[in-house]
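These are the residues of each chain, in order.
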2 protein chains.
Amino acid sequence: MELSRQRDQALRERAQAVIPGGMYGHESTYLMPEGTPQFFSRGKGARLWDADGNEYVDYMCAYGPNLLGYGFEPVEAAAAAQQARGDTLTGPSEVMVQLAEDFVAQISHADWAMFCKNGTDATSMAMVIARAHTGRKTILCAKGAYHGAAPWCTPILAGTLPEDRAFVVYYDYNDAQSLVDAFEAHQDDVAAIFATPHRHEVFSDQIDPDPEYAASVRALCDKSGALLVVDEVRAGFRIARDCSWAKIGVAPDLSTWGKCFANGYPISAVLGGEKVRSAAKAVYVTGSFWFSATPMAAAVETLKQIRETDYLERINAAGTRLREGLQQQAAHNGFTLRQTGPVSMPQVLFEEDPDFRVGYGWVRECLKRGVYFSPYHNMFLSAAHSEADLAKTLAATGDAFVELRAKLPSLEIHQPLLALRAA
Amino acid sequence: MELSRQRDQALRERAQAVIPGGMYGHESTYLMPEGTPQFFSRGKGARLWDADGNEYVDYMCAYGPNLLGYGFEPVEAAAAAQQARGDTLTGPSEVMVQLAEDFVAQISHADWAMFCKNGTDATSMAMVIARAHTGRKTILCAKGAYHGAAPWCTPILAGTLPEDRAFVVYYDYNDAQSLVDAFEAHQDDVAAIFATPHRHEVFSDQIDPDPEYAASVRALCDKSGALLVVDEVRAGFRIARDCSWAKIGVAPDLSTWGKCFANGYPISAVLGGEKVRSAAKAVYVTGSFWFSATPMAAAVETLKQIRETDYLERINAAGTRLREGLQQQAAHNGFTLRQTGPVSMPQVLFEEDPDFRVGYGWVRECLKRGVYFSPYHNMFLSAAHSEADLAKTLAATGDAFVELRAKLPSLEIHQPLLALRAA
């Protein structure tokens, strides 16, 4: 049984003519298994419908933004009410002040907030603020960590210059010695250390932060005056209601937020402590839509849901059920999974699958049965993933494992992946 | 008569606590005359209401985005219909293809489009694409031209490094010899020449492009293989329905768009010709909300209005009426104005006003009478600026000139401006 793909195929052909490569960025299906739809027509709760009308339980959540469910009514109502009054005006609306107050109250290390549009805006602002604060240049980042797609951080170098990242120095995540070595090599010039809440790289197991490593990052910053930046753009509010590292007792100087805190409305943020306020005031950063009120009204309501509901417990319960169900099914069919990271942001890889053909094969079988997974990128659960969604998912994945077993000898490597690895 | 400011003042005090400096970026009123409201509560058509309920005819149009009127119904309806289906999903919606097709059909030099969120995203992408296409580093920009707020282009240097703009070289706008000199100094390394459609710098007269200068930019690019980038973020669709330089017969290789093409919904774009397609495909650029469907639906409808209505003629008629009315009133009261740039984007400065105290004084009197102008930044008209709006405006400005004449001896320089000029 293959799903209908006619409309998606026609859209892809039209897109090829007017969009370079047919699509770009993280929502291109270039690296996804054959049969993955490129275009969607609708979303509601945890469900997505592609351009051909095929329905999926979605485990990507728009790569993060869908925290409470697509079209979640309280957020939609707050946004619509603000939109009727005004969105992008000649000045900000009152809701901007309320959002800054609510966000700062929510995040224990924060005394102030600045809002922007992209995750990359937030991480780039944190870099600039750290340089303004310290008068130093060097930024330490974990090797392979994704902090956005500006020239200083984009993972693909075409069109960028060595000079764009001349002062970006890499260390190994979770390796305190590697961090100390990188730090000491640039002793007097470290402006900031960037850290993701946990390691969440594509095609890799996720790794939780070693509390000793996290403490050593903080200690290095305290000793030197460098700023600790925790980049919450991807993980924020799926690990804690506070900054993720609050759970292991480490407070950053700056944190960067995006994706989910307005449940899909476009807004990102930098939050900081008192000592960094004057540097944040000194830098010049802005954007045409950074003061738009509708996403801020959506964010105020989303933060209220974060504060007042059991959204996180529901996400974790759904994630736990998924992880345990997959584990059982895999074992029953003779597969060993590596399920890593928080259950709210699962990465599901197969043991003994060096070229990912087994994982791709399985995701393809799931997709045909109405479940949208990624074979290489961490996934996301939302508070809308219900009992019915999980039941449908696990029925599909069970069948997918059986089919995978039958197809195992004939699986082939995903061709674009081969090309990527050769490059 | 002073307007009530209690609520605005209370919001400013709250903002001081949770937003560095109380506000940031281009929508901060730091440089605006005393009495300018920082916060707005509503917008409709060409009118704005501040947090205290004071009403203004608005000539900033959100610094550009308001092209057809705040809350313009056909755009609001298209956006709401898409929002009900889905905005930020796990993949783009069908409307993205339609928008790319419509935009490319509208802009004569363009064969493809890529969408992003900020104007800065678009200009930074153009830079990266030009470097990928040419394998060269140097970017020529006109001195003082605003191309965004990333480290390579932001007008205030705090937190940026000399290395961020090591390969950005400046020439004088409209000065073909200055351009040739800058070009020849970097002969073999010029990746792109950036040009704004006309010169629109703060605190300065606007200057139309000399067609010979524009032709020489094109010729230099043709000879060398460097790319011509016309940055339409601010001026786009207020000068022409095509790229602004189409009017003087010069086609760019890349153009960058933002602000107004979705009438206030957050989206920007890079458009390019066939020869740059493969470089555009090679670079990696993305953002959490770049594939969101609601702003794209708003853009499709806005482009339809641009294509099918007399929006531009109406904007120009309103701008002409404003310019002529102000000219007459100023002369009648013994003032000489310098009104420069397209009538759709007026800059209004006073002769014999080296420290801008006269201009600030006049804008303050206009504000008190319900007309929102800027004394230093080019302004914007929308297609919603009606006969009634113009009549109200000119009644207010007439009175403001009379009052200005009376207050002339006691005007003082705007203090933050003095501080800025000292820095």
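Thresholds, definitions, all that
Residues numbered from 1 in each chain as written. Chains lettered and ligands numbered in written order. Predicted model: local features only at pLDDT ≥ 70, side-chain atom pairs only at ≥ 80, totals over all residues. Heavy atoms only, no water. Contact = heavy atoms within 4.5 Å. Buried area = accessible area lost by both parts, 1.4 Å probe. Salt bridge = Lys/Arg side-chain N within 4 Å of Asp/Glu carboxyl O. Polar contact = N/O pair within 3.5 Å; in protein donor to acceptor, adjacent residues only side chain to side chain. Helix = DSSP H or I, 4+ residues; strand = E, 2+ residues; numbered from the N terminus. Nonpolar A, V, L, I, M, F, W, Y, C, P; charged D, E, K, R; others polar. Least-squares fit on C-alpha atoms with pLDDT ≥ 70 in both. Buried < 20%, exposed > 50% of the residue type's maximum accessible area, 1.4 Å probe, protein only. Axes fitted to C-alpha atoms, helices over the stretch in contact; angles between N-to-C directions. Parallel < 35°, antiparallel > 145°, perpendicular 65-115°, else oblique. Left-handed = near helix turned anticlockwise from the far one by under 90°. Expected span 1.5 Å × (residues − 1). Arc of directions from axis to C-beta.

Draft legend 1. Quick peek at the interface of chain A and chain B. The interface is formed by 92 residues belonging to chain A together with 93 residues belonging to chain B. Interface area, chain A with chain B, both sides summed: about 8,200 Å², of which 60% is carbon and sulfur. Three residues stand out in chain A for area buried against chain B, namely Tyr-24, Thr-90 and Tyr-284 of chain A, and they jointly supply 11% of the buried area on that side. Across the pair Glu-94 of chain B and Arg-7 of chain A runs a salt bridge, and its minimum N-O distance is 2.2 Å. Where chain A packs against chain B, one counts 42 residue pairs in polar contact (both at pLDDT 80 or more). For the side of chain A that touches chain B, the secondary-structure elements that each account for two or more residues are helix H1 (6-18), strand S1 (40-44), helix H2 (73-85), helix H3 (95-106), strand S4 (112-116), helix H4 (119-134) and helix H7 (277-282) of chain A. Split into classes, the residues belonging to the side of chain A that touches chain B amount to 50 nonpolar, 22 polar and 20 charged.

Draft legend 2. Region of interest: the relation of the copies chain A and chain B. The two copies are related by a screw motion: chain A maps onto chain B through a turn of 180° and a shift of 0.0 Å along the axis, at an RMSD of 0.0 Å. In the structure described here, the two chain copies are related by an operation that fits a two-fold rotation axis. With an isologous cut-off of 70% or more, the 100% of interface residues of chain A that recur at the interface of chain B puts this contact in the isologous class.

Draft legend 3. Spatial organisation of unusual backbone geometry. All names here are of chain A. With a phi angle near 60°, Ala-62 is a residue other than glycine that sits in the positive phi range. In this fold, Ala-62 is placed in the loop between strand S3 (55-58) and H2. Assessed through its relative accessible area of 0%, Ala-62 is described here as buried.

Draft legend 4. View of the packing of helix H10 (residues 357-368) of chain A against helix H11 (residues 387-407) of chain A. Residues and elements named next belong to chain A. Two elements in contact, H10 and H11, have axes separated by 9 Å at closest approach and are oriented at 135°. When the axes of H10 and H11 are compared, the pair comes out oblique. In the crossing of H10 with H11, the sense of the turn from one axis to the other is right-handed. Along its contact with H10, which presents Val-358, Gly-361, Trp-362, Glu-365, Cys-366 and Lys-368, the element H11 presents Thr-397, Ala-400, Phe-401, Glu-403, Leu-404 and Lys-407. Residues belonging to the contact of H10 with H11 are distributed by class as follows: six nonpolar, two polar and four charged.

Draft legend 5. Broad picture of H1 of chain A. Look at H1 of chain A: 19 Å from first C-alpha to last across 13 residues, which is about the 18 Å you get at 1.5 Å a residue. By the burial criterion, the buried members of H1 of chain A are Asp-8, Leu-11, Ala-15 and Val-18 of chain A. Buried residues of H1 of chain A fall within an arc of 90° about the axis and therefore sit on the same side. Residues of H1 of chain A that are exposed and point more than 90 degrees away from the buried face comprise Gln-6 and Glu-13 of chain A. Close packing links the buried residues of H1 of chain A with helix H3 (94-106), strand S4 (112-116) and helix H7 (277-282) of chain B.

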